[in-house]
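Close look at the chain arrangement
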Amino acid sequence: MRRPPGNGEAASEGRGSWGLWGRQEARRLNCAGHDRCGKALLQIGINMMALPGGRHLDSIPLPGQRLHLMQADSVQRWMEDLKLMTECECMCVLQAKPISLEEDAQSDLILAGGPGPGDPLQLLLKRGWVISTELRRIGQKLAQDRWARVHSMSVRLACHARSMVSEYSTLSRSSSQEMGQIEKLLMEKCSELSAITERCLQVENEHVLKSMKACVSETLSTLGQHFGQLLELALTREVQALVRKINASDNIYTTESTTGNLFSLTQEGAPLCRIIAKEGGVVALFKVCRQDSFRCLYPQALRTLASICCVEEGVHQLEKVDGVLCLADILTDDSHSEATRAEAAAVVAQVTSPHLPFTQHLSSFLESMEEIVTALVKLCQEASSGEVFLLASAALANITFFDTMACEMLLQLNAIRVLLEACSDKQRVDTPYTRDQIVTILANMSVLEQCASDIIQENGVQLIMGMLSEKPRSGTPAEVAACERVQQKAAVTLARLSRDPEVAREAVRLSCMSRLIELCRSPSERNSSDAVLVACLAALRRLAGVCPEGLQDSDFQQLVQPRLVDSFLLCSNMEESFV
């Protein structure tokens, strides 16, 4: 299931220095075990050594017939003894081999695959990743003073750079003067790097090598800059072609294909999203979203827009073309499919993310906020799947950070009832990521005094109590982090609501205090999270102020009476071992 860019984690992650090349490296080769190697070598020996006339080892007479073998060929006698000798020979061979392969040997495998023909965009992405990987590895080998590897990889780097320039020129059939100049500089630096690393192989003086190492490092850095400039120019050119194609097309299939290509580019990282935004990608996609003839393409176009708006340039372009107004129109129009409205909610979630500081200046959003919030609450209520509910609730959660008026709007729209009812519907709320959005909304709404009565009326305290026991099912880092956020925000919500004595008494009746104590004292219950610990200590102290009789003396003396920082240090040190 897709997780939205939202309040729990960063909205967009880069993939390295250029963002394009954060792909998985080749898998390591595993050496076979002794048994497997022994049997394999034995089988090879059997298969290769057939006897004259087509007979194989199985046809050799048994030892009792050795008298007849005295007259046989010496090769046949050797094959008779082979059964007893093979295992020993295999063991000798195995002892002479390394247990694991060096990383250097893998690079040839990683770089062996070439781009497919006919697509300049894929050529740039694949060749670009290969070259950036080589640059990184050359830097690693240079730091280790492994000059032989540095030189061989430098030669290979020059080959890849030459191939990229040649193949792209063939496919694109035209090149700007600026690109031609940078191509020339790049190839000159590749030749210079190969030449200087070759000279380093012949130098034995450490002081001379040290000075030459600085020169190699500088050359490598300059080469990387030229490569980045060339790649950016080429990718910009390809993005411009895609944007022109979208703007000029009135064919639904052409627009669908081109928009899909643009979406694929956004998945390569923030640098490409910036290029797309600067070259008019946001404008072109909103043009698609404003044409009724392209209605079936709205979800794809909106999904692409959500990806582009992870960068500041994308959000600025969205505001320039009145993108918020277009999103509001889509969300409030029931004639649009649920998938279209869900993708519009995803764009809203992206542009209101509290982790993106530049989204806080969307003046146009405030003008349409009431319409958008109303439509999102309705989408949560009518959602037919967990993903639709997740996107809509994430947008609402981010809006509650965006402006405090949103919480009052949600209260008037009975959003608490809608959200709490959804918690009992496994079809809509089935992951900690979704519960993270719900509890975020409740935590931000709990600052309002009238929120407490709605929470009690909808049996919300019991649901918050259940969120304090959120556990990951898969154990993945992302899910574990989501569970931590749910626990932390549930404790924060409980602490804020417990200003109302009625809520505090209900929490004590439901044994919330014992669960909070367990979370404080047992690091494993909170996955050793300090944020959860602080939130639980604050909630426990708020409840103890209303109902102190619910605490044992030891809990009161250690968790409530001392300063918060002292209680925190006491609980956070419980997991340390002094053995």
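Residues numbered from 1 in each chain as written. Predicted model: local features only at pLDDT ≥ 70, side-chain atom pairs only at ≥ 80, totals over all residues. Heavy atoms only, no water.

1. Regarding the overall build of the chain
For clarity, the cut-off: Helix and strand assignments follow DSSP, with helices taken as H or I runs no shorter than four residues and strands as E runs no shorter than two, numbered in order from the N terminus. Any two residues whose heavy atoms approach within 4.5 Å at even a single point are treated as in contact. With residues, only the protein chains shown are counted as cover, and all accessible areas are computed by Shrake-Rupley using a 1.4 Å probe.
Per the secondary structure count, the chain includes 28 helices and 0 strands. A separation threshold of at least 6 residues defines the contact pool for the chain, and within that pool the share at least 24 residues apart is 74%. Total accessible area on the chain stands at roughly 28400 Å², and carbon and sulfur atoms take up 51% of it.

2. Section: the environment of Leu419
Position of Leu419 relative to the elements: it lies in helix α19 (residues 415-423). In this structure the C-alpha to C-alpha distance between Leu419 and Gly460, which are 41 residues apart in sequence, comes to 9.8 Å. Once residues lying within four places of it in the same chain are set aside, the contact partners of Leu419 are Phe389, Ile438 and Ile441.

3. Let's talk about the pattern of salt bridges
Opposite charge on two side chains lets them pair, provided their charged atoms get close. Quick note on the threshold: The salt bridge definition used is simple: a Lys or Arg side-chain nitrogen within 4 Å of an Asp or Glu carboxyl oxygen. Buried residues are those whose accessible area, probed at 1.4 Å on protein chains only, stays under 20% of the maximum for their type, while exposed residues exceed 50% and partly exposed ones sit between those limits.
Per the stated rule, a full pass over the model turns up 20 salt bridges. A salt bridge links Asp333 to Arg295; the nearest nitrogen and oxygen atoms lie 3.6 Å apart. Here Asp333, found in the loop between α14 (323-332) and α15 (338-351), pairs with Arg295, found in the loop between α11 (281-289) and α12 (298-308); they are 38 residues apart in sequence, far enough to count as distant. Assessed through its relative accessible area of 31%, Arg295 is described here as partly exposed. A cluster of three or more residues bridged by salt bridges with shared partners is formed by Lys471, Arg515, Glu518 and Glu525.

4. Some points on the environment of Ala349
Among the secondary structure elements, Ala349 is positioned in helix α15. Measuring from C-alpha to C-alpha, the distance between Ala349 and Ser393 comes to 8.8 Å, with 44 residues separating the pair along the chain.

5. Here's the deal with the packing of helix α10 (residues 270-278) against helix α13 (residues 312-320)
Put simply, the test is: Only the stretch in contact is used when fitting a helix axis, every axis being a line fitted to C-alpha atoms; angles between N-to-C directions are given from 0 to 180 degrees. Throughout, the term roughly parallel applies to angles under 35 degrees, roughly antiparallel to angles over 145, roughly perpendicular to angles from 65 to 115, and oblique to all others. Put simply, a crossing is left-handed when the front helix is turned counterclockwise from the back one by less than a right angle, and right-handed when it is turned clockwise. The nonpolar class holds Ala, Val, Leu, Ile, Met, Phe, Trp, Tyr, Cys and Pro. Asp, Glu, Lys and Arg form the charged class, and all remaining residues, Gly among them, are polar.
Their axes nearest at 8 Å, the elements α10 and α13 cross at an angle of 25°. As the angle between them shows, α10 and α13 are arranged roughly parallel. Like other packed secondary-structure pairs, α10 and α13 cross with a definite hand, here left-handed. Between α10, through Arg274, Ala277 and Lys278, and α13, the contact on the second element is made entirely by Glu313, Gly314 and Gln317. Taken together, the residues of the contact of α10 with α13 break down into 1 nonpolar, 2 polar and 3 charged.

6. Concerning the packing of helix α27 (residues 553-560) against helix α28 (residues 564-572)
Orientation of α27 relative to α28, taken along the N-to-C sense of each, is 110°, at an axis distance of 7 Å. Overall, the two elements α27 and α28 adopt an arrangement that is roughly perpendicular. Seen from α27, the contacting residues are Gln558, Leu559 and Val560; seen from α28, they are Ser567, Leu570 and Cys571. Residue composition of the contact of α27 with α28, by class: 4 nonpolar, 2 polar and no charged.

7. With respect to α12
α12 sits mainly inside the fold: 9 of its 11 residues count as buried. For α12, the set of buried residues is Tyr298, Pro299, Ala301, Leu302, Thr304, Leu305, Ala306, Ser307 and Ile308. Those residues of α12 hidden inside the fold are in contact with α9 (252-266), α10, α11, α13, α14 and α15.

8. Quick look at the nonpolar core
Rule in force here: Among the buried residues, those of types Ala, Val, Leu, Ile, Met, Phe, Trp, Tyr and Cys that are joined through side-chain atoms within 4.5 Å form a nonpolar core.
Within the largest apolar cluster, 157 residues are counted, with the highest numbers of intra-cluster contacts made by Leu302, Leu318, Val348, Phe365, Ile372, Leu376 and Ile399. With 14 residues, helix α8 (residues 206-248) is the single largest residue contributor to this core. The contacts of Leu376, once residues within four sequence positions are left out, are Leu331, Ala345, Val348, Ala392, Ala395, Leu396 and Ile399.

9. Topic: the packing of aromatic side chains
The line we're drawing: Pairing of aromatic side chains requires ring centres within 6.5 Å, counting the rings of Phe and Tyr and the six-membered ring of Trp. Pairs whose planes differ by under 30 degrees are stacked, by over 60 edge-to-face, and all others tilted.
Evaluation of the coordinates by the stated rule reveals 1 aromatic pair. Arranged with centres 5.0 Å apart and planes meeting at 75°, the rings of Phe365 and Phe402 form a pair that is edge-to-face. One end of the pair, Phe365, is in helix α16 (residues 363-382); the other, Phe402, is in helix α17 (residues 386-402), with 37 residues separating them in the sequence. Phe365 gets classed as buried once you look at its relative accessible area, which sits at 1%.

10. Details of unusual backbone geometry
Residues other than glycine seldom take positive phi values, yet Asn527 does so here, at roughly 55°. With respect to the helices and strands, the residue Asn527 is situated in the loop between α25 (512-521) and α26 (530-546). Notably, Ser528 is not glycine yet its phi reads approximately 60°, a positive angle. Structurally, Ser528 can be placed in the loop between α25 and α26.

11. Quick look at the confidence of the model for the chain
Cut-off, in case you're wondering: pLDDT: the predictor's confidence for each residue, scored from 0 to 100.
For the chain, per-residue confidence averages 81 on the pLDDT scale, and residues scoring 70 or more make up 79% of the total. Considering only residues more than four positions removed or in separate chains, one finds that residues 8-71, a stretch of pLDDT under 50, has 89 contacts. In the model, residues 91-117 has pLDDT below 50 throughout and makes 36 contacts with residues more than four positions away in sequence or in other chains.

12. Looking at the state of the cysteines
Note on terminology: disulfide describes a covalent bond linking the sulfur atoms of two cysteines. The criterion, for reference: Cysteine sulfurs are considered disulfide-paired once they come within 2.5 Å of each other.
This structure, assessed with the given rule, holds 0 disulfides. Unpaired in terms of disulfides, Cys159 finds its nearest cysteine sulfur in Cys190, a separation of 9.4 Å. Cys159 gets classed as partly exposed once you look at its relative accessible area, which sits at 40%. Cys215 supplies the cysteine sulfur nearest to Cys200, a cysteine that is in no disulfide, at a spacing of 8.0 Å.

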